[in-house]
Amino acid sequence: MAQTNAKARTRALREGKRRKTLALIIQVVVPVAAVCAQFLIVGTLESRSPTGSAAAKFEALKLATLKLEAAAQSAALQSGAPRTIALDRLDDIMADLPNLLARARSAGGSDMFGRSQRRQDELISILKRAVSEVSTASPDKQSLVKISEASQALGGLAAKAADDEERRDKGQAAFVRVLEVNATVLVTLSLLACGFIVSRLHVGALRTALGDAETANLSMSERLTRLDEIGVELVELRAQNKVYERKLSRSLDDTEAANEMLRYASHRFQELFQGLPVACFTTDVDGTIFEWNRAASELFQFQAETVYLREAFSLLAEPSDVPALRKACRSVSAGEVVDDLEWRALRFSDRASIEILTMAHPMRSNSGSVHGILFSCFDHTQRKRAAEMLEQQLQLIREMNEVLELQRAELMSTNEQLQQLASKDGLTGLNNHRTFQAYAENAFKEATLNDRPLSIVLMDVDRFKSFNDDFGHQSGDDVLKGIAKILTEQSRPDDFVARYGGEEFVLVLVGASESEGCAVAERMRSGIEAASWPLRQVTASFGVAGLDASATSIKDLVERADLALYASKEGGRNQITAHSRMRPAAA
């Protein structure tokens, strides 16, 4: 990145020097060229202008022509005695006329008589012939008229040429002034153009410098952006670090708790292991002793610190039994269980030989591999008693398992009873009022959301209070149970039947319109009326309300069904009333 910036600065310095050199050349050469062009154009125009006053020379020519005309007119008027004088004057004029024209042409330039020179020559020829005629013969009036007309035409041409030359001189002078002004403007514009070009060059250099600066700034901006990104990453890493710290803290807490539990379990295991009435010790797969309980110390007369990390068989067994014990150890290490392994041990205190009956079980890790062996050792003299104690312990365990199984079954039964007590009516076995409220609320939400029909049916046993008064509450309870049975039998599989309270029952008919709800209620009403009641006839009244757009909650439907039920009661009982009609339906 630093090498790239250095190359960019070197290119910028070279470009700046080149632009400065070009600007200096333009500032010097262009104005000098403009001034030289101005002087060249003006000098050329001045070299082409006539030297002296062309108007004055043409005015002289015009006067001479007028004199010629006057002389001719005088000769015409004095056609008598003054003839000699007139002829002499005409000769003088004709002699001076070519010289006068030559001087006028020389003074006026080559363009002065360019267009009228032929006409002038014709007029001069006419004058010469007329003068010759006048000179050779007696002057007649016609020759004098020719002289007069030719002289007038020649004078007119001269006057016109003088006027044209004067206008040309004025136009040329104005054109020279315009050229001078234009040259001045051109120099000014060239200077401005030079300044503009130089400024553009400087602006280009400045832009190049700015571009380099922007490149450097961009590089710096990229670095700052990268620093910002690194800062954001650091913030994120810090946040993650905090999260990890919290997780690590929780993990450490969990580990500490697990270690505490492990220590507790290890302590319990040690207590259990040490408290076993059977001599037990553990080894690795090679027979090196690790754990050693108190019963083993009493049996073999070795303390735990004495046998720790020592090879069990060479320490405890007689040399002749060591190979068999090691073979059994290899079998257990392969995953087998060895029972009734008999061998002779040497007691440490008196080196007496005792008969040992041993059971060896593999100790497995979480992966299932065998990493140790548990040895249980019995003295033959204590074998029966140990077997009896073991059997007692196993029996105690089996009994405890049976007790636990019975308790678990009782607990499950109790939970089921509690669930039934929480959701069922104790007398009729139907759903209770609380269960109805929860079910009806969910049914209303689903029907409203999916635009499905829903009906609520409320039922009340007719004159139930008088029935209780006449026959007692026990008989009334029997009636309620019979009605609950009829409602359950006459309802559809998806209908929800519940005891609303007292002698009132409620049905939630999902997917049923109000008319379909009335049909279900009619089946139930007929079933109650047709049932065999031992004490007296029992009937029921029904109110049905269907879901429509005006119902905003399940409470609205229940209230409408209650109003319809009240209408059935008022209308004579043992009938059905739909809320939308609020008229008793035919019984």
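Residues numbered from 1 in each chain as written. Predicted model: local features only at pLDDT ≥ 70, side-chain atom pairs only at ≥ 80, totals over all residues. Heavy atoms only, no water.

Right, let's talk about the overall build of the chain for a bit. Along the backbone of the chain there are 15 helices and 10 strands. Across the 587 residues of the chain, 34% fall into the buried class. Excluding contacts between residues fewer than 6 apart, the proportion of contacts in the chain whose partners are at least 24 apart in sequence is 61%. Carbon and sulfur atoms provide 56% of the accessible area of the chain, an area that totals close to 35,500 Å². (Helix = DSSP H or I, 4+ residues; strand = E, 2+ residues; numbered from the N terminus. Buried < 20%, exposed > 50% of the residue type's maximum accessible area, 1.4 Å probe, protein only. Contact = heavy atoms within 4.5 Å. Areas by Shrake-Rupley, 256 points an atom, 1.4 Å probe, with all protein chains shown as cover.)

With antiparallel pairing, 5 strands are arranged side by side in an open sheet as β2-β1-β5-β4-β3. Both outer strands of the open sheet, β2 (289-292) and β3 (338-346), are each paired with one neighbouring strand and no more. Taken pair by pair, the neighbouring strands of this sheet meet at an average axis angle of 30°, ignoring direction. In this structure, strand β1 (residues 279-283) lies alongside strand β5 (residues 370-379), joined through 5 bridges in antiparallel fashion. When the bridges of β5 are listed, T283 appears paired with I373. (Pairing = 2+ DSSP bridges. Axes fitted to C-alpha atoms, helices over the stretch in contact; angles between N-to-C directions.)

Here the structure, examined in full by the defined rule, presents 14 salt bridges. The residue D321 makes a salt bridge to R344 at a minimum N-O spacing of 3.5 Å. Taken as a pair, D321 in the loop between α8 (312-316) and α9 (322-333) and R344 in strand β3 lie far apart in primary sequence, 23 residues in all. What makes R344 partly exposed here is its relative accessible area of 31%. Between K465 and D469 there is a salt bridge, with its nearest N and O atoms 3.4 Å apart. Pair noted here: K465 and D469 are both in helix α12 (residues 464-471), with a separation of 4 residues, about one helical turn. Each member of the pair K465 and D469 is classed as exposed. Sharing partners across several salt bridges, the network here consists of E318, D321 and R344. (Salt bridge = Lys/Arg side-chain N within 4 Å of Asp/Glu carboxyl O.)

It is worth spelling out helix α13 (residues 473-490) at this point. With 18 residues, α13 extends 26 Å from end C-alpha to end C-alpha; this agrees with the ideal 26 Å at 1.5 Å per step. Taken together, the buried positions of α13 are S475, G476, V479, L480, I483, A484, I486 and L487. On its buried face, α13 is in contact with β6 (454-461), α12, β7 (496-501), β8 (504-510) and α14 (514-530). (Expected span 1.5 Å × (residues − 1).)

To continue, consider the nonpolar core. Formed by 30 residues in total, the largest nonpolar core has its most connected members in F281, W292, F300, L316, W343, I356 and C377. Mapped onto this core, the elements with two or more residues apiece are β1, β2, α6 (294-300), α8, α9, β3, β4 (353-364) and β5. When residues in this core are grouped by element, the largest group, 5 residues, is from α9. Discounting residues that sit within four places of it in the chain, I356 has contacts with L299, F300, L341, E342, W343, A345, C377, F378 and H380. (Core = buried A, V, L, I, M, F, W, Y, C linked by side-chain atoms within 4.5 Å.)

Before going further, it helps to examine α14. Taking 1.5 Å of rise per residue, 17 residues should cover 24 Å, and α14 covers 24 Å from first to last C-alpha, within 8% of that figure. Taken residue by residue, α14 has E514, G517, C518, V520, A521, M524, R525 and I528 as its buried positions. Projection of α14 onto a plane perpendicular to its axis shows the buried side chains occupying an angular sector of 165°, all on one side. Of the exposed residues in α14, the ones pointing more than 90 degrees away from its buried face are S515 and A530. (Arc of directions from axis to C-beta.)

So, about the sheet that holds strand β10 (residues 576-578). The mixed open sheet is built from 5 strands, whose spatial order is β7-β8-β6-β9-β10. Each having just a single partner strand, β7 and β10 make up the two edges of the open sheet. If you compare each strand with its neighbour and ignore which way they point, the axes differ by 20° on average. With 3 bridges connecting them, strand β9 (residues 540-546) and β10 associate as parallel partners.

Turning our attention to the pairing of β8. The element β8 is extensively covered by neighbouring structure, given that 5 of its 7 residues are classed as buried. The pairing of β6 with β8 spans 7 bridges and is classified as antiparallel. What sits directly across from S455, in β8, is L509.

Attention shifts here to the side chain of N431. Its location among the elements puts N431 in the loop between α10 (383-423) and α11 (433-450). At 3.2 Å, the side chain of N431 and the side chain of K424 are in polar contact. Within polar-contact distance, the side chain of N431 engages the backbone oxygen of V497 at 3.1 Å. If near-sequence neighbours (up to four positions away) are discounted, N431 is found in contact with S423, K424, D425, F496, V497, A498 and R499. (Polar contact = N/O pair within 3.5 Å; in protein donor to acceptor, adjacent residues only side chain to side chain.)

For the rest of this paragraph, the subject is the side chain of D495. Within the fold, D495 resides in the loop between α13 and β7. Take D495: its relative accessible area is 11%, and that puts it in the buried class. A polar atom in the side chain of D495 sits 2.8 Å from the backbone nitrogen of R492. For D495, the contacting residues outside a window of four places in its chain are V508, L509 and V520.

Before going further, it helps to examine the packing of α12 against α13. Packed helices, taken two at a time, are described by the angle between their axes plus the distance between the axes. Relative orientation of the contacting elements α12 and α13 amounts to 135°, with a least axis distance of 7 Å. Compared by their axis directions, α12 and α13 come out oblique. On α13, the residues touching F464, F467, N468 and F471 of α12 are H473, S475, G476, V479 and L480. Tallied by class, the residues present in the contact of α12 with α13 amount to 5 nonpolar, 4 polar and no charged. (Parallel < 35°, antiparallel > 145°, perpendicular 65-115°, else oblique. Nonpolar A, V, L, I, M, F, W, Y, C, P; charged D, E, K, R; others polar.)

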